[in-house]
Amino acid sequence: MKTRTRLTFVLAALAFAGGACQEAPAAPPKPAAPAPARPKSKDVSAEDYVMPTLPRAHVRLKDAYGGVHRVEVEVAATGESRTRGLMWRKSLPAGQGMLFIFPDEEVRGFWMRNTLIPLDMLFITSEGRVVGIIENAEPRTLTNRTVGIPSQYVLEVPGGWCQKNGIVRGGTAEFEGVSTIPVTP
């Protein structure tokens, strides 16, 4: 009996050792390297240009009836960001917009090339007075839009927003979170 038990023990040990020496299963295949990214354009007006994240702030506009409307804005305070503006955007929610800040006050003109949505443009002086509004500027056009009066700020909001909210020429604008944003030519 002892021989049989010993033989069983030896066979079991050999079977275990043999199993332990089996080839380990293959490692899962490594994922394929991603295809190299297409270089992004350096032309700020190109559709594939990647704009750095812009600072955010708020503009408070007084309407014709004494009410106040607060607009959350991306701030375009550099030459690059002002050139890019809202090009290639497919939507702009109500209550949001883009505030263009210029280093000085002068007559401004805007065009809508590569802008896909209609916009209202409010031209605002350094004192915060709305000196003119272009409503529902037609997208994808090269028409120069100006109010012919010097401004330091231009606020773009969704087309029709000014009329819907009673915002008119002569109203006032106050800026929140803008004073610390550096403005470059």
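Residues numbered from 1 in each chain as written. Predicted model: local features only at pLDDT ≥ 70, side-chain atom pairs only at ≥ 80, totals over all residues. Heavy atoms only, no water.

### Focus on the overall build of the protein chain
Okay, step 1: A count of helical and extended segments in the protein chain gives 3 helices and 7 strands.
Okay, step 2: Each helix (α) and strand (β) of the protein chain, taken in turn from the N terminus, gives the series α-β-β-α-β-β-β-β-α-β.
Okay, step 3: Counting across all 185 residues of the protein chain, residues that qualify as buried make up 37%.
Okay, step 4: Summarising the internal contacts of the protein chain: among those between residues at least 6 apart in sequence, 69% fall at separations of at least 24.
Okay, step 5: If you sum the accessible surface of the protein chain, you get close to 11,500 Å²; carbon and sulfur atoms cover 57% of it. (Helix = DSSP H or I, 4+ residues; strand = E, 2+ residues; numbered from the N terminus. Buried < 20%, exposed > 50% of the residue type's maximum accessible area, 1.4 Å probe, protein only. Contact = heavy atoms within 4.5 Å. Areas by Shrake-Rupley, 256 points an atom, 1.4 Å probe, with all protein chains shown as cover.)

### Thoughts on the pattern of salt bridges
Pairs can form between side chains of opposite charge once their charged atoms are near each other.
Okay, step 1: All chains considered together, the criterion is met by 7 salt bridges.
Okay, step 2: Residues Glu 176 and Arg 60 are paired through a salt bridge, measuring 3.6 Å at the closest nitrogen-oxygen approach. Remark: Arg 60 occurs in strand β1 (residues 56–62) and Glu 176 occurs in strand β7 (residues 173–176); sequence separation between them is 116 residues.
Okay, step 3: For Glu 176, a relative accessible area of 26% corresponds to the partly exposed category.
Okay, step 4: Judged by relative accessible area, Arg 60 falls into the partly exposed class, the value being 30%. (Salt bridge = Lys/Arg side-chain N within 4 Å of Asp/Glu carboxyl O.)

### Things to note about the environment of Ile 133
Okay, step 1: Along the chain, the position of Ile 133 falls in strand β5 (residues 130–137).
Okay, step 2: Each residue touching Ile 133, except ones within four places of it in the same chain, is listed here: Met 121, Leu 122, Val 147, Cys 162, Ile 167, Val 168 and Arg 169.

### Quick word on the nonpolar core
Okay, step 1: If you look at the biggest cluster of nonpolar residues, it comprises 22 residues, and the most contacted ones within it are Leu 61, Val 73, Leu 99, Leu 122 and Leu 155.
Okay, step 2: Counting residues in each nonpolar core, the second largest holds 17 residues, with Leu 86, Phe 102, Ile 117 and Ile 134 among its members. (Core = buried A, V, L, I, M, F, W, Y, C linked by side-chain atoms within 4.5 Å.)

### Comments concerning the sheet that holds strand β4 (residues 119–124)
Okay, step 1: Taken together, 7 strands build an open sheet; the order of strands is β5-β4-β6-β3-β2-β1-β7 and the sheet is mixed. Looking at the sheet topology across the chains shown, the edges are occupied by β5 and β7. Each strand axis lies, on average, 30° off the axis of its neighbour in the sheet, ignoring direction.
Okay, step 2: Where strand β3 (residues 96–107) and strand β6 (residues 150–158) come together, 6 bridges link them in antiparallel fashion. Looking at the pairing, Met 98 lines up with Glu 156 of β6. (Pairing = 2+ DSSP bridges. Axes fitted to C-alpha atoms, helices over the stretch in contact; angles between N-to-C directions.)

### Focus on the packing of aromatic side chains
Okay, step 1: Tallying each qualifying case throughout the model produces 4 aromatic pairs.
Okay, step 2: When the ring of Phe 100 is compared with that of Phe 110, the centres are 5.1 Å apart and the planes differ by 80°; the resulting orientation is edge-to-face. You can see Phe 100 sitting in strand β3 and its partner Phe 110 sitting in the loop between β3 and β4, a full 10 residues away along the chain. Phe 110 shares its class with Phe 100; the two are buried. (Phe/Tyr/Trp six-rings, centres within 6.5 Å; stacked < 30°, edge-to-face > 60°.)

### Digging into the layout of surface pockets
Okay, step 1: If you add up the space inside the largest pocket, you get close to 260 Å³.
Okay, step 2: Those elements giving two or more residues to the lining of the largest pocket turn out to be α2 (79–84) and β3.
Okay, step 3: With 4 residues, the top contributor of residues to the lining of the largest pocket is α2.
Okay, step 4: Of the residues belonging to the lining of the largest pocket, the class tally is 8 nonpolar, 5 polar and 4 charged. (1 Å grid on protein atoms, 1.4 Å probe; cavity = no way out; pocket = protein on both sides within 12 Å on 5 of 7 lines; lining within 4 Å. Points joined across faces, edges and corners; volume = space filled by probe spheres on them. Nonpolar A, V, L, I, M, F, W, Y, C, P; charged D, E, K, R; others polar.)

### Points about the side chain of Ser 45
Okay, step 1: By the secondary structure assignment, Ser 45 is in the loop between α1 (2–20) and β1.
Okay, step 2: At 2.9 Å, the side chain of Ser 45 forms a polar contact with the side chain of Asp 43.
Okay, step 3: Apart from the residues lying within four places of it in its own chain, the contact partners of Ser 45 are Arg 84, Met 87, Trp 88, Arg 113 and Asn 114. (Polar contact = N/O pair within 3.5 Å; in protein donor to acceptor, adjacent residues only side chain to side chain.)

### Quick look at the environment of Met 121
Okay, step 1: Mapped onto the fold, Met 121 is located in strand β4.
Okay, step 2: With residues near it in sequence (within four places) discarded, Met 121 still touches Phe 110, Met 112, Gly 132, Ile 133, Ile 134, Ala 137, Arg 145, Val 154, Leu 155 and Glu 156.

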